[in-house]
Amino acid sequence: MHAALSVIVFTVLSGAGLGAFAIVAADDLCRAFIARIDPSLPWTVAGSVALVLVVAGLCASTLHLANPKNAWRSATRFRTSWLSREAVFALLFVGVAIAYLALRWTGVGGVPRAVVALLSLLLAWTVIHCTAMIYASLKPIRAWHTPRVPLNYLLLAHASGVVVLVAVLRIQGTGSTTLRAIAIALVVAAALAKWDYRRYLAGDTARVTLEAALGVAQGVRPAGAPATVAARLLDVGHSRGTFLTREFGVTPTPRNRAVALWAMALGTYAIPLAWLASGVRSPAMAVGACIVMLAGLFAERWLFFVEARHTVRLYHGEHRV
Amino acid sequence: MKLGLVIDLDTCVGCHACATACKEWNGASAISGPLTDDSPYGADPTGVWFNRVRHYEVGEYPGCKTINFPMSCLHCEDAACVSVCPTGASYKREDGIVLVDQDRCMGCNLCAWACPYGARELDPASGTMKKCTLCVDRIYDTALPVEEREPACVLACPTHARHFGDFEDPQSKVSKLTAERQGFGLLGELDYKPVNRYLPPRVPPVTAPAPAPEAASAGPLSRLIARARLALAG
Amino acid sequence: MKTPTESRKLPMPNDAQKRIEYSTCYMCACRCGIKVTFEGANLRFIQGNRDHPVNRGVLCAKGSSGIMKQLSPAKLSKPLKRREGTARGDGIFDEIEWDEALAIVEKRLRTIRDTDPRKLAFFTGRDQMQALTGLWAQQFGTPNWAAHGGFCSVNMAAAGLYTIGYSFWEFGAVDWDRTRYFVLWGVAEDHSSNPIKIGLDKLKRRGAKFVSINPVRTGYSAIADEWVPVRPGTDGLLALSLVHVLLADGAIDYEFLARYTNAPWLVICDPGAPDDGLFARDHESRPLVHDDGAQALTGAVTFGTRVALFGSYTLPDGRTAKTSLTLAAERYLDDAYAPENVAPQCGVDAATIRKLAREMADVAFNETITLPIEWTDAWGNVHPTVTGRPVSMYAMRGIAAHSNGFHTCRALHFIQMLLGALDGPGNFRARAPYPKPIPPKQLPASASVHPRTPLAGSPLGFPMRPEDLAIDADGNPLRIDKAFSWQAPLAAHGMMHMLIANAVAGDPYPIDTLMLFMANMAWNSSMNTTGTREMLRAKDEKGEYRIPFIIVADAFRSEMVAFADLVLPDTTYLERHDAISLLDRPISEADTISDAIRHPLMPLDRDVRPFQDVLVELASRLAFSAFVNPDGTRRYRDYCDFIVRYEKAPGIGFLAGWRGADGKSALVGAPNPRQWDAYIANQSFFEFHLPPALQYYRYANRRYLEFARTAGFITDIEPIVMQLWSEPLQKFRLAGLQQYPGPKPRDAADQARLATYFDPLPFWYPPLADGEVDANAYTLHAITQRPMMMYHSWDSQNAWLRQIVADNHLYMNVQTAAQAGLADEDWIWVESHHAKLRCRLRTMEGCEPNTVWTWNAIAKQPGAWALAADAPEATTAFLLNHLIDEHLPGGAAKFSNSDPVTGQAAWFDLRVRVRKCAADETGVWPQVAALPEQVVPQRLRWGAA
């Protein structure tokens, strides 16, 4: 699939922001039930940074629209469209998140803040899920049409979010061993989920072939030939590109794919894990870790798009997707 | 109503008449025209088409078959392109036709991703998604003679490999053809319930191998002469 | 879960400004009827005309894209004169006014006409007005006129016209409604495309069998029930092997052969005699047959005569004579044509050959059709029914474009004659004004060249004997293309592909002015393209161009336009009048006699003029006798006036419909001043339905023959007897053998060619080049096909069509490629004995293993046709033409790379080898310098309100 930069930026930044915010809100709720609410400033800053990431991502997302003047309509099909739902819940989240941060900044606590924290947590999770479901609901794309995708989005959002949180705390000169432990657990969990996803990608389940796409078994074959006979593209019907080849015909070169896989493995998982495990407190290293993780996520998201092979590629000559 | 097309793979010779007639009609149609063409005389000619013909081979030489394969929107009964559309631009009519409302589309591409057949194309000039309209502005246009109230592709097809009608009517041409020739929908396993039907190539007539003539002692020329005499004698 | 539905208001078409017009398409030689919708001044929609006899409402991709043709920025807009000091071919022009352009042409032509009319060579390409241009050339007095048939498909026309009285190509049509077995030979697209498409669908619905004999499985062959991958150039071998099987099985129509062909005619067998191989004739010059009833030789044959089909008889003078059929049977029953022996060479196995022959025979003789139609034969007998042997065939370029194409096509007609499958129900049938005598009674009038004097007849014709050739007393060719010389005696359509080479070499003589209409000789219509382009620019020792002056008339900026000294811009098909005439290339179907017109549907928006009007204007200024009144005043106002009032014979004009002063006569009648209006009121076409009694066996159908004489198609009502043994060919052979009592070739090479190739019976020989080219080095046959959405060079300026095809690859069989270590998209060198080129490869299954092929004419010179210099047509497409030499390899004599009988250009005789390029050898080669680029839109939004 064509990997639109604006969409990569959107999902990575918003994902990290939503994950981070969810953890801030969750942490707040936990404290609310365990002890008196303590308006911890670094957390509020972290939550604000998270919201900035979310809003930045949402703004980026409008850049991928070819006709943005109709974007205001995007909430219309809430009933059936994950993109509509994402739009609605994203807006709701931003509103609730602002309210929550306002409560924190102004030092308000108690039940109101707990309720708003719960709401923003649920909304954050919902937005992440909706974003993932935009892709996972698409049957023509095997690489996306699996519950592994929303799982990966959720885990990566939280893994990247928690790394941002740890980094923000470090930059503010503080930290939390609990948070660090949670972060390590999340990054490991995300890595395991990714490993499982890549096994699924390379596997043989739910594949569609060119022969199936053409209807070879339904009789589209030479008379007398068995239904298992092979098909191939002779001519795609146009000499240069089309919207379809540009949007769906992207195939990464082996070299680019290898580079991206390494960048993803190191950037998204290995290096952040090392940094977390090391416990190093340097703010500069924290910023570095965030940048490395974001770069790794960009590579991960890029791969997510370019390794996704839509069934329309079959009609353009691919043998199996 | 369940309007759609039947495409006969037994007679499609891959001439692209359907593709160009469609482009011509819809280019100046108020529904979604114009259909932009970029680099029309340049290095990278590309444009918006609703119907494309691709060509495949099945089997191996010399027993291979060439299949010419036109594809346009199949106006699915369970149209994912409609359900994923956030703005409500993509919608399905009561007569079955799936359309894109050009005033509402924001060009997010999601419907194109949802369509397994590549039936939708983004017009870079309008920023909106466009697709086969089943020539809705022809089939209901009472100013046209009745026999011309059909999609442009159906009218143009020189081998009459395209048929238009209501699949909900068991007596319609499209229903009967589908039943007679085992018409099938594409990628049925994805469960979009495509309405258009493709007719697989007919099984060629079986010719009984002609028996070899009886062996004779006389040479072929003599036999020929004898038969000629016989044939012309009577 | 079903998607919920809803309704929303939709904009419907605004009919307020709608205008409907009817005319004729122009994208290929099909001439389909079109219905054109305008919205206000704008073209809105072009579709097929439902009522038109050719296409009945359908329209192909080219016709459906007519709007983009009309809107192409490649249209010429003003007369152009090559700028002083610039070189021919650089494409640098100054715009001039029509007055000046016409004055230049008039002056030059007048000088030529006053001194030596031969110095004008006027050749036309893809036009459809040869009756007018031929008349014009005849009136000018130059023999140097032809259209493009010599490099296109004259083999089909000539073989048919010298054998059955009509032909594949344009003078016949398949009876799609009744045929039960159809064999298509060597057709990818081509005439007459939409009728064939409509017809194939009918066949399939009726369960009739469709066999396609073709090295490539695309297009029509894709839907064939049986695909027979034949090796290019060997179709004749396959056809004659089918003949062998039919004869061996005795599965032939004896009665048909006896009544309708010259099978029983007695051929003199007297080797060495001047009339050896000619027909024995009686004192009234009628061919002799043996009447088995009377047991005597006679020339008086009627329908009921019991003629002997076989036998050897003694003539009154004591010599031996055999029937034509005996001689044919002796030849084709020989083992040389047995399926086992031809299989290795043609690539079709023996079992398939036998099966095809037996299937055909089975259908012909066991699925006979009987129609309850009463008809009268040429001898006056009334028959209550019409019988049909429903086997049919069609053939075109894959047969024609070889140096053995004439004989191969005759071999196909042999199959039809043996099966009795001609112009009956279910057969390949004639299209009016055919059938005509074999051959049509028209001789090339090239000898009578005098200043200011029309030729005695048409520059083209059908020689029947050496005296009819266009040669001088020394045997030298009289025409610039050497058509109708010893090198190409039956060159019925001329030899346009030799024009430039001969003119530049001054062989047989130099010319002064070359006038080309719609012919892209500087590119895809020539062999040896780069060589031809250099020839157009060639200069003599004095620094003058060897072809002093080139006039090009065209509607679009083609590669040839760049080589003009003067450009006369033509209109498009929607902007002018045309007559698609029975005198020209008819659009009749089997049962209807039709012609059609074009008329201007929209006003001209630039300073161009219809070329026909220009021709009429020049003819009037030069005072051609047919174009001036007896008092010397101008006779015709313009082309329209000419079409209405010109009569070829009393009552016979260019358009057959609505003749007579009252407009009520069909086919024959006085000029009707309102004839154009009548056509326009009738959707631009005229259709005359033949009554059933006149529809079948027309070559021997008395009522049809009488009708045809009245309509001016033929001049007498003698039955047209089909020719198995061809006497005209034998006469030329005798001349080659130095036995003929008349003109004979003096050159030993010419003698050998006539002696070998003017065999009165079809035979198969390997393509001529094979003898000179090392077949072990160049193992692959290289051919082209026309794609269905592009017609020669004429569609790359179309913004829609070029999205479908803007470049081309060389296609090769998958296994052949694998064995050569080649893969898809590899850059390859393709080499012939003459030249090499570089292009990309694609593999496919449906390709005969010894064949490579590509789409014809896709490549363009950078900048031509208003395309960008970096368009795919200029950077990744390639022309196979570069590899083809217009002369045969080897030998001292420069023979053209053509069929030795008709001069047909042997495009598909090409032999090549292919090898992979080195890693740094990419990009198409050879490349040609760019023409000045035009400013064109980068984005089109056609149809915007």
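Scroll up to find the structure.
Residues numbered from 1 in each chain as written. Chains lettered and ligands numbered in written order. Predicted model: local features only at pLDDT ≥ 70, side-chain atom pairs only at ≥ 80, totals over all residues. Heavy atoms only, no water.

A tally of regular secondary structure across chain B gives seven helices and 11 strands. The C-alpha atoms of chain B give a radius of gyration of 24 Å, which is well past the 17 Å a tight globule of 234 residues would have. The principal-axis extent of the C-alpha atoms belonging to chain B is close to 85 × 50 × 40 Å. About 7000 Å² of surface is accessible on chain B, with carbon and sulfur atoms providing 56% of the total. Averaging the coordinates of the 23 positive side-chain charges in chain B and doing the same for the 28 negative ones gives two points 7 Å apart. (Helix = DSSP H or I, 4+ residues; strand = E, 2+ residues; numbered from the N terminus. Rg over C-alpha atoms; globule rule 2.2 N^0.38 Å. Areas by Shrake-Rupley, 256 points an atom, 1.4 Å probe, with all protein chains shown as cover. Lys, Arg positive; Asp, Glu negative; His and termini not counted. Charge placed at Lys NZ, Arg CZ, Asp CG, Glu CD.)

This paragraph deals with the overall build of chain A. For chain A, the count of helices and strands is 11 helices and one strand. Ordered by position from the N terminus, the helices and strands of chain A form the series α-α-α-α-α-α-α-β-α-α-α-α. Projected onto the principal axes, the alpha-carbon positions of chain A cover approximately 80 × 45 × 35 Å. Of the roughly 13200 Å² that chain A leaves accessible, carbon and sulfur atoms contribute 71%.

Turning our eyes to something else, we now look at the environment of P440 of chain C. All names here are of chain C. For P440, the location among the structural elements is in the loop between β22 (428-430) and α15 (499-505). Here P440 falls in the buried class, since its relative accessible area comes to 8%. For P440 and E589, which are 149 residues apart along the polypeptide, the C-alpha to C-alpha distance reads 20 Å. When residues no more than four places from it in sequence are discounted, the contact partners of P440 are L161 and F462. (Buried < 20%, exposed > 50% of the residue type's maximum accessible area, 1.4 Å probe, protein only. Contact = heavy atoms within 4.5 Å.)

If you look at the biggest cluster of nonpolar residues, it comprises 519 residues, and the most contacted ones within it are F93 and W144 of chain A together with W136, W185, I415 and F642 of chain C. The dominant element in this core, judged by the number of residues it contributes, is helix α1 (residues 5-34) of chain A, at 15 residues. Those residues within four positions of W185 of chain C in sequence are excluded, and the remaining contacts are I213, D235, L238, A239, L242, M393, Y394, A395, M396, I399, L412 and I415 of chain C. One finds A280, L288, L315 and A321 of chain C within the second-largest nonpolar core, a separate group that totals eight residues. (Core = buried A, V, L, I, M, F, W, Y, C linked by side-chain atoms within 4.5 Å.)

This brings us to the pattern of salt bridges. This model, assessed by the stated rule, comprises 98 salt bridges over all chains. Between E307 of chain A and R257 of chain A there is a salt bridge; the shortest N-O distance is 2.6 Å. In this pair, E307 of chain A is assigned in the loop between α10 (283-306) and α11 (312-315) and R257 of chain A in helix α9 (residues 254-278), connecting sequence segments 50 residues apart. A relative accessible area of 13% places E307 of chain A in the buried class. Each member of the salt-bridge network shares a partner with another, and the members are R77 of chain A, D101 and R104 of chain B together with E6 and R8 of chain C. (Salt bridge = Lys/Arg side-chain N within 4 Å of Asp/Glu carboxyl O.)

It is worth spelling out the sheet that holds strand β15 (residues 312-314) of chain C at this point. Residue and element names in this part refer to chain C. Within the open sheet, the three strands sit side by side as β12-β16-β15. Their pairing is antiparallel. Across the chains shown, the open sheet's two edge strands, defined by having one partner strand only, are β12 (266-269) and β15. Averaged over neighbouring strand pairs, the angle between their axes works out to 35 degrees when direction is ignored. Alignment of β15 against strand β16 (residues 320-323), held across three bridges, turns out to be antiparallel. Residue pairing for β16: Y313 is matched across the bridge by A321. Of the strands in this sheet, β12 and β16 are in contact with helix α10 (residues 324-332), which crosses β16 at around 75 degrees. (Pairing = 2+ DSSP bridges. Axes fitted to C-alpha atoms, helices over the stretch in contact; angles between N-to-C directions.)

What follows covers helix α3 (residues 98-115) of chain C. Helix length check: α3 of chain C, at 18 residues, gives a terminal C-alpha distance of 26 Å against a target of 26 Å (1.5 Å per residue), a fit within 8%. Packed against the buried residues of α3 of chain C are β6 (120-124), α4 (130-140), β23 (513-517), β24 (549-554), β25 (566-569) and α17 (611-621) of chain C. (Expected span 1.5 Å × (residues − 1).)

On to the packing of aromatic side chains. Counted by the stated rule, this structure contains 69 aromatic pairs over all chains. Their ring planes at 75 degrees and their centres at 6.2 Å tell us that F624 of chain C and F627 of chain C sit as a pair that is edge-to-face. The two residues F624 of chain C and F627 of chain C agree in class, both being buried. An aromatic cluster is defined as three or more aromatic residues linked by ring pairs; in this entry it consists of F122, W136, F140, F517, F611, F624, F627, Y636, F642, Y646 and F654 of chain C. In this structure, R19 of chain C is placed above the aromatic ring of F38 of chain C, and the distance from its NZ or CZ to the ring centre is 4.0 Å. The ring of W25 of chain B carries the charged tip of R44 of chain C above its face, separated from the ring centre by 3.9 Å. (Phe/Tyr/Trp six-rings, centres within 6.5 Å; stacked < 30°, edge-to-face > 60°. Lys NZ or Arg CZ within 6 Å of the ring centre and 35° of its normal.)

Moving on, we come to the interface of chain C and chain B. Taken residue by residue, the interface counts 97 residues in chain C and 95 residues in chain B. Carbon and sulfur atoms make up 58% of the area that chain C and chain B hide from each other, which totals about 8100 Å². A salt bridge links D123 of chain B to R941 of chain C; the shortest N-O distance between them is 4.0 Å. The interface formed by chain C and chain B holds 37 residue pairs in polar contact (both at pLDDT 80 or more) in total. Of the residues forming the side of chain C that touches chain B, the biggest block, six residues, is contributed by helix α7 (residues 193-206) of chain C. Among the residues making up the side of chain C that touches chain B, the classes are represented as 52 nonpolar, 18 polar and 27 charged. As paired strands, strand β2 (residues 37-38) of chain B and strand β35 (residues 939-940) of chain C are joined by two bridges and run antiparallel to one another. Bridge pairing links D37 of chain B to L940 of chain C in β35 of chain C. (Buried area = accessible area lost by both parts, 1.4 Å probe. Polar contact = N/O pair within 3.5 Å; in protein donor to acceptor, adjacent residues only side chain to side chain. Nonpolar A, V, L, I, M, F, W, Y, C, P; charged D, E, K, R; others polar.)

All names here are of chain A. Residues L118, L122, W125 and L154 make up a contiguous nonpolar surface patch of roughly 340 Å² in combined accessible area. With three residues, the single largest contributor to the nonpolar patch is helix α4 (residues 110-136). Residue L118 is classed as partly exposed on the basis of its relative accessible area, which comes to 41%. (Patch = residues over 30% accessible without salt bridge, like charges linked within 9 Å, V, L, I, M, F, W, Y side chains within 5 Å.)

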